[in-house]
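A look at the structure
This is what each chain is made of:
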Amino acid sequence: MSIASFLAAARAVVGKDHVIESPDGLAPFARIMMPVPEAEHAPVGVVSPQSLAEVRALLRLAGEHKTPLWPTSTGKNFGYGTSTAATPGQVTLDLRRMNRVIDIDPVLCTALVEPGVTYKLLQDTIRAQGHKLWIDFPAPGPLVGPVGNSLERGNGTTPYGDHFANTCGFEVVLADGTVLRTGMGGVANTKSWQAFRYGYGPWLDGIFTQSNFGVVTKMGLWLMPAPPAWRSGMAVWDKFEDIGRIVDTLRPLRFDGTIGNCGTLLDSTLFAASTAKRADLYSGKGAIPPSVTLEYARSKGLGAWQYAFSVYGRPDRVASDWKVIETAVAASGGKLVPDAYDPMQVGELSLQTFSIFNWTGGHGLAWFSPVMPLRPTDAIRQVELARGVMDKHGVDFMTGMTLNGREGLNVMPMVFDRGDPDSTARHRACFEELIQAFGEAGYGFYRTGVGFMDQVARVHGETQMDVNRRLKRALDPHGIIAPGKSGIHL
Ligand SMILES: Cc1cc2nc3c(=O)[nH]c(=O)nc-3n(C[C@H](O)[C@H](O)[C@H](O)COP(=O)(O)OP(=O)(O)OC[C@H]3O[C@@H](n4cnc5c(N)ncnc54)[C@H](O)[C@@H]3O)c2cc1C
């Protein structure tokens with residue numbers, strides 16, 4: 001059995017125009033921003049089905065031909081691997097042709113979509129139907145879609161920013177072609193598939209996220225009723241040492257719902273990377289000193305930390321919540337910058353965060369994404385730990401933290417020139433050392449990209465790896481679906 005024989009058989013299922021195996025055709029699917037060689041993750045073919053029936057047929061064929069398939073929805077997992085696989089030699093199962101918005105329910109505020117649906121398509125459809133519903137998206141919203149993002153447990157910035165928490169019901173094809181509808185989806189003529197997540201018995205949805213146990217072909221998600229009023233703002237603190245105080249100030253406001261959204265806390269270097277070119281600010285050796293970006297931020301009326309947040313609801317509630325926040329921020333030594341807002345927090349698609357690629361040029365990006373317990377001690381420790389390791393490797397420390405009640409997703413973009421082999425090698429070594437250092441300090445990860453999945457899985461423990469392997473053997477005994485995803489092997 002060979003890949004070539006699988007691809008030949010796949011042609012009969014999806015049509016010859018939807019199978020790629022030429023080096024030129026494969027090149028865009030091998031592109032990767034991570035600091036790892038393309039060859040370690042390059043696909044050997046791409047197959048693009050259009051229907052559930054075609055996905056089932058392809059999985060059956062893959063089983064017969066022992067061909068590994070790496071499913072992608074919109075395939076733009078930028079900075080985590082784009083559409084590449086954890087290991088080389090897999091066939092990309094590109095689901096972009098399955099792009100139907102199957103249902104929008106304006107009463108229950110839910111949608112049911114296929115994997116190829118982008119946030120833009122979903123938003124356009126909602127607006128064309130005249131519904132006053134918002135969707136929450138990650139920063140690359142116009143290009144990417146809810147299925148791939150939610151399966152990675154990605155995040156956005158409105159109150160619906162925890163994307164997996166706002167999914168409701170999956171349709172999953174298992175390796176043997178079985179079609180499972182999770183939650184309430186198994187009930188004949190189900191009326192509540194997108195209304196209630198848990199169904200009856202064990203709740204299975206979680207095992208199909210960040211995993212390789214099935215191919216998701218439909219997903220339900222919840223939409224946010226457009227609020228009657230909202231106000232967005234930015235709180236600024238001047239000094240890096242303020243981080244502990246910031247965490248203590250914002251945590252209670254998230255707990256009691258005063259700040260209802262998943263706001264983001266940026267340090268001055270991420271602000272600089274989003275608005276300037278590195279070479280214009282610094283020409284010295286090594287990582288850019290924080291004093292340089294702090295001075296730049298101050299010149300723009302900002303400081304060491306800026307927190308973008310929004311309040312939503314009835315106008316009287318918006319006004320009173322705003323006052324509470326203003327008072328709390330001032331008491332902690334910060335200030336509010338009026339009329340500064342992030343369009344994503346109010347349901348407007350934007351690609352403005354892509355300006356980060358201008359920092360160095362060369363399209364290198366890897367997100368180092370530990371989970372930060374929302375205690376001052378942990379916030380200070382994580383910043384010091386990361387900065388220490390990054391300084392050693394000459395890597396610029398910057399972070400954009402999504403702050404929730406108990407935890408923050410401390411997402412640190414490592415931006416570098418992929419055309420520079422020395423820089424790429426330094427960023428790889430740095431990433432590996434960071435995983436080790438954070439693991440040893442008792443921290444785990446929200447998500448990681450190809451190239452680092454095994455190492456991150458080990459941080460999360462041998463027992464978890466073993467249980468994942470047992471599930472894999474039970475559901476996909478030939479290891480057809482995405483071998484190596486999240487460190488899960490047969
Ligand atoms: C400037 C910038 C800003 C970003 N900001 C954010 C942000 O705010 N929030 C955020 O979450 N991300 C962010 N990202 C990272 C990334 O681009 C997004 O997470 C994006 O949504 C992921 O790509 P995708 O949706 O195309 O998923 P895909 O690439 O389609 O899928 C991701 C992975 O999920 C699995 N998968 C996908 N579909 C299926 C399926 N149907 N069945 C089984 N497994 C599947 C596969 O392992 C796949 O590789 C950012 C990237 C950039 C460059």
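Relevant structure appears above.
Anyway, here's the lowdown on the structure attached to this text.

The rules behind the values
Residues numbered from 1 in each chain as written. Predicted model: local features only at pLDDT ≥ 70, side-chain atom pairs only at ≥ 80, totals over all residues. Heavy atoms only, no water. Near = heavy atom within 4 Å. Polar contact = N/O pair within 3.5 Å; in protein donor to acceptor, adjacent residues only side chain to side chain. Areas by Shrake-Rupley, 256 points an atom, 1.4 Å probe, with all protein chains shown as cover. Helix = DSSP H or I, 4+ residues; strand = E, 2+ residues; numbered from the N terminus. Nonpolar A, V, L, I, M, F, W, Y, C, P; charged D, E, K, R; others polar. Buried < 20%, exposed > 50% of the residue type's maximum accessible area, 1.4 Å probe, protein only. Contact = heavy atoms within 4.5 Å. Core = buried A, V, L, I, M, F, W, Y, C linked by side-chain atoms within 4.5 Å. Pairing = 2+ DSSP bridges. Axes fitted to C-alpha atoms, helices over the stretch in contact; angles between N-to-C directions. Phe/Tyr/Trp six-rings, centres within 6.5 Å; stacked < 30°, edge-to-face > 60°. Lys NZ or Arg CZ within 6 Å of the ring centre and 35° of its normal. Expected span 1.5 Å × (residues − 1).

Taken together, 33 residues form the shell around the ligand, and within it Ser73, Thr74, Lys76, Asn155 and Arg447 come nearest. A distance of 3.1 Å separates an oxygen atom of the ligand from a polar atom in the side chain of Trp70. Between an oxygen atom of the ligand and a main-chain N or O atom of Phe78, the distance comes to 3.3 Å. Calculation on the ligand without its partners gives an accessible area of 960 Å², and the protein chains cover 95% of this total. Mapped by element, the contributors of at least two residues to the shell around the ligand are strand 3 (69-72), helix 5 (146-151), strand 10 (215-222) and strand 16 (363-368). Of the residues that constitute the shell around the ligand, the class distribution is 16 nonpolar, 13 polar and four charged.

Our focus in this paragraph is the environment of Phe255. Secondary-structure assignment places Phe255 in helix 6 (residues 243-255). The partly exposed category is assigned to Phe255, whose relative accessible area is 45%. Each C-alpha atom of the pair Phe255 and Glu64 lies 52 Å from the other, and the pair is 191 residues apart in sequence. In this structure Phe255 touches Gly405 and Arg406, once residues within four positions along its chain are discounted.

So, on to the nonpolar core. Core analysis: the largest hydrophobic core is formed by 78 residues, its most contacted members being Phe6 and Trp305. Discounting chain neighbours no more than four positions away, the residues touching Phe6 are Val47, Leu58, Leu61, Ala62, His65, Thr67, Leu69 and Val91. Cys109, Tyr119, Leu133 and Phe137 belong to the second largest nonpolar core, which has 26 residues in total.

This part covers the sheet that holds strand 10. If you walk across this open sheet you meet the five strands as 5-6-10-8-9, and the pairing is antiparallel. The open sheet has two edge strands, strand 5 (101-105) and strand 9 (179-181), and neither has a second partner. On average, each strand axis in the sheet is inclined to that of its neighbour by 10°, with strand direction left out of account. Here four bridges tie strand 5 to strand 6 (residues 110-113), and the two strands are oriented antiparallel to one another. Across the sheet, Val101 pairs through a bridge with Val113, a residue of strand 6. With respect to the sheet, helix 3 (residues 52-65) is in contact with strand 8 (167-173), strand 9 and strand 10, its orientation differing from that of strand 8 by roughly 50°. Each of strand 5, strand 6 and strand 10 is contacted by helix 4 (residues 119-128), which is oriented at about 50° to strand 5, the strand it contacts most.

The next point concerns the sheet that holds strand 2 (residues 45-47). Taken together, four strands build an open sheet; the order of strands is 1-2-4-3 and the sheet is mixed. Sheet topology places strand 1 (19-20) and strand 3 at the edges, where each strand pairs with a single neighbour. Inspection of the sheet shows strand 2 paired to strand 4 (residues 91-94) by three bridges, in the parallel sense. Within strand 4, the position partnered with Val46 by the bridge is Thr92.

All right, on to the packing of aromatic side chains then. All told, the structure shown has 18 aromatic pairs when counted by the stated rule. Taking the centre distance of 5.4 Å and the plane angle of 35° together, the rings of Phe309 and Trp322 count as tilted. Of the two residues, Phe309 is situated in strand 14 (residues 305-313) and Trp322 in helix 10 (residues 315-331); the sequence distance between them amounts to 13 residues. What makes Phe309 buried here is its relative accessible area of 1%. Trp322 gets classed as buried once you look at its relative accessible area, which sits at 6%. Where Phe354 meets Phe357, the ring centres are 5.8 Å apart and the plane angle is 55°; that geometry is what we call tilted. Look at Phe357 and you get buried, because its relative accessible area is 11%. Taken together through their ring pairs, the aromatic side chains of Phe368, Phe431, Phe438, Tyr443, Phe445 and Phe452 make up a single cluster. Positioned over the ring face of Phe164 is Arg197, at 5.3 Å from the centre of the ring. Lying over the aromatic face of Trp322, Arg231 brings its terminal NZ or CZ to 3.9 Å of the ring centre.

With that out of the way, let us pick up helix 11 (residues 376-393). An α-helix turns once per 3.6 residues; consequently, residues spaced three or four apart project the same way. Here helix 11 spans 26 Å end to end across 18 residues, near enough to the 26 Å set by a 1.5 Å rise per residue. For helix 11, every residue scored as buried is listed here: Asp378, Ala379, Gln382, Val383, Leu385, Ala386, Arg387, Val389, Met390 and His393. Note on helix 11: the residue one or two positions beyond its end, Gly394, has a positive phi of about 70°.

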